[in-house]
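# Residue-level structural notes
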Amino acid sequence: MSARILKSTALTGAMTLLSRISGLARDVLFARLIGAGVAADAFYVALRIPNFFRRIFAEGAFAQAFVPVFVEYHHGGDAARTREFTDHLTGLPDRKALEQRLKRLGEATGAIIIADLDRFTLLNDTLGHPAGDAALVHFANTINHVVRETAQPARIGGEEFAVWLPEADIPSALMVANRIRERFASSSWDWQGRSWPLSASFGVAACPESTRSLDNLMARADAALHQAKKAGRNRAAAAPSQR
């Protein structure tokens, strides 16, 4: 049986159950459907259940839960497409999302920060992969705490992250990178009672200072990141100016 058929069967069963129960139990079940990322599909299945919406909209509090679902369905599954470009561990956009945004910007000016957790393989090998995942989430939270709303953070692969800073230059991007670095390195972190020192290295590049094309910006920042690693880790380095 295909994954599509299995998904449809599961959704139909869940939504049929929703139509037969009431109160808190139904609210919790539907919340789990939303949390599982199938809200738009669940809405579509609900359309097939006779009198389903007439019954649930008679209860105002639960009806509110359907507002975002209806918006998602109305816009053709925009939220589903968003999930497609989201890193499921950290909740950040993924590499494809960041690259698409840079591509849409064309000739915009700005800076990119690329960061990589130091000695991450050792952490994984010593404490296990769940600990590594927890460290990645901690780093993502650190980035979100430091950067402004105009910035675009992303997890671009493994233990590597990036932050796009619109209209930023090298000095301002280095300042942001060092704020993230210092906050992360000074944070108290442990796994199941065992403390572990965390740090990250950063590479920074800006357009047009480091390159005149956004297409080359991430490669320039990545080269600067490697220089930071070679210099001893837990530091930020900038790509050389092209002027």
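Heads up: the structure comes first, above all this text.
The sections below set out a description of the structure shown in this document.

Our next topic: helix α11 (residues 170-186). The terminal C-alpha atoms of α11, which comprises 17 residues, lie 24 Å apart, in line with the 24 Å expected from a rise of 1.5 Å per residue. Residues of α11 that are buried: I170, A173, V176, A177, I180, R181 and F184. With its buried residues spanning 135 degrees around the axis, α11 presents them on a single face. Exposed residues on α11 whose side chains face more than 90 degrees from its buried face are P171, M175 and S186. On the buried face of α11, the contacting elements are β1 (110-117), α10 (129-146), β3 (160-166), β6 (200-207) and β7 (236-238).

Right, let's talk about the sheet that holds β3 for a bit. What the 5 strands build is an open sheet, ordered β2-β3-β1-β6-β7; its pairing is mixed. Of all strands in the sheet, those with a lone pairing partner are β2 (152-157) and β7, marking the two edges. Geometrically, the sheet is characterised by an average inter-axis angle of 20 degrees between neighbouring strands, direction not taken into account. In this sheet, β7 lies alongside β6 in parallel orientation, the contact comprising 3 bridges. Considered in β7, the bridge of V204 is made with A238.

Per the stated rule, a full pass over the model turns up 5 salt bridges. A salt bridge links R95 to E99; its shortest N-O distance comes to 3.0 Å. With R95 and E99 both in helix α8 (residues 95-105), this residue pair falls 4 residues apart, about one helical turn. Residue E99 is classed as partly exposed on the basis of its relative accessible area, which comes to 38%. Measuring nitrogen to oxygen at the nearest pair gives 2.8 Å for the salt bridge that ties K229 to D118. In this pair, K229 is assigned in helix α12 (residues 217-230) and D118 in the loop between β1 and α9 (120-127), connecting sequence segments 111 residues apart. Classification of D118 by relative accessible area gives buried; the value is 9%.

Calculation rules
Residues numbered from 1 in each chain as written. Predicted model: local features only at pLDDT ≥ 70, side-chain atom pairs only at ≥ 80, totals over all residues. Heavy atoms only, no water. Helix = DSSP H or I, 4+ residues; strand = E, 2+ residues; numbered from the N terminus. Expected span 1.5 Å × (residues − 1). Buried < 20%, exposed > 50% of the residue type's maximum accessible area, 1.4 Å probe, protein only. Arc of directions from axis to C-beta. Contact = heavy atoms within 4.5 Å. Pairing = 2+ DSSP bridges. Axes fitted to C-alpha atoms, helices over the stretch in contact; angles between N-to-C directions. Salt bridge = Lys/Arg side-chain N within 4 Å of Asp/Glu carboxyl O.

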